[in-house]
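Coordinate inspection notes
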Amino acid sequence: VDMVLSYQRLGSDTVDLVLRSVELDRVVRGCVRKFAGLFILKKLPVELEETGLAVLTDEKWLAFVIEQLLSNALKYTKTGRISIYAEGRALVVEDTGVGIRAEDLQRVFEKGYTGHNGRMDKKATGIGLYLTRRVLTMLGHSIHIDARPGGGTRVHISLKRPELSE
């Protein structure tokens with residue numbers, strides 16, 4: 001339901017954006033807390049490193065993005081761990097899950113594209129990463145994914161905003 005509402009809001013003529021300096025660690029902790037039950041149920045540890053970053057962004061929309069990435073990591077990770085940490089001005093969400101095939105990696109941000117894993121899982125809608133990229137573009141951030149089948153996935157969210165200064 002949240003995803004459908006977000007999709008509708010993004011498609012409207014006006015998008016509720018409030019850009020301000022946000023403590024990234026507070027936003028990430030809130031997102032992890034939202035999925036705490038699933039982490040426990042799946043017996044997956046989450047490794048959360050403090051970033052110490054303040055980011056010029058919209059807190060609500062950035063939380064939507066992080067929640068989407070955590071949801072995907074939980075969906076496609078059966079064993080191992082999920083890690084969240086910073087690399088410079090980028091937030092990284094890394095898992096030890098099934099990974100993504102090279103031919104799918106090129107298309108994961110396309111609207112409706114589910115790829116091999118999504119077809120096997122039968123729960124994928126092909127809308128989550130599409131909305132994630134749209135939101136990040138709207139915020140002036142960017143996203144990059146490194147993955148390989150059986151080797152997990154690393155998602156990098158660049159939180160630089162070259163046109164604005166904090």
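Residues numbered from 1 in each chain as written. Predicted model: local features only at pLDDT ≥ 70, side-chain atom pairs only at ≥ 80, totals over all residues. Heavy atoms only, no water.

In this structure the tally under the stated criterion is one aromatic pair. When the centroid spacing of 6.0 Å and the interplanar angle of 75 degrees are considered together, the rings of Trp61 and Phe64 count as edge-to-face. Separated by three residues within a single helix, Trp61 and Phe64 lie in helix H4 (residues 59-76), roughly one turn from each other. As far as the burial class goes, Trp61 and Phe64 line up, both buried. (Phe/Tyr/Trp six-rings, centres within 6.5 Å; stacked < 30°, edge-to-face > 60°. Helix = DSSP H or I, 4+ residues; strand = E, 2+ residues; numbered from the N terminus. Buried < 20%, exposed > 50% of the residue type's maximum accessible area, 1.4 Å probe, protein only.)

Looking at the element boundaries, Gly80 is found in the loop between H4 and strand S4 (82-87). For Gly80 and Gly152, which are 72 residues apart along the polypeptide, the C-alpha to C-alpha distance reads 9.6 Å. Those residues in contact with Gly80 that lie beyond four places of it in its chain are Leu44, Pro45 and Thr96. (Contact = heavy atoms within 4.5 Å.)

Note on strand geometry: in a regular strand, side chains alternate between the two faces of the sheet. Across three bridges, strand S2 (residues 46-48) lies against S4 in parallel orientation. Bridge pairing links Glu47 to Ser83 in S4. The sheet contact formed by S4 and strand S5 (residues 90-95) spans six bridges and is antiparallel. Along S5, the bridge assignment pairs Tyr85 with Val92. Adjacent in sequence and paired antiparallel, S4 and S5 are bridged by two residues, among which Gly88 carries a positive phi angle near 65 degrees. (Pairing = 2+ DSSP bridges.)

This brings us to the pattern of salt bridges. One pass over the structure, following the stated rule, counts ten salt bridges. The residue Glu59 makes a salt bridge to Arg26 at a minimum N-O spacing of 2.8 Å. Note that Glu59 is positioned in helix H4 and Arg26 in helix H2 (residues 24-34), a separation of 33 residues in sequence. According to the relative accessible area criterion, Arg26 is partly exposed, its value standing at 39%. Between Arg107 and Glu110 there is a salt bridge, and its shortest N-O distance comes to 3.0 Å. The structure contains a network of salt bridges with shared partners spanning Arg20, Arg26 and Glu59. (Salt bridge = Lys/Arg side-chain N within 4 Å of Asp/Glu carboxyl O.)

Glancing now at H2. When we look at burial in H2, the residues that qualify are Leu24, Asp25, Val27, Val28, Cys31 and Val32. Buried residues in H2, looked at end-on, bunch into an arc of 160 degrees, giving them a common side. (Arc of directions from axis to C-beta.)

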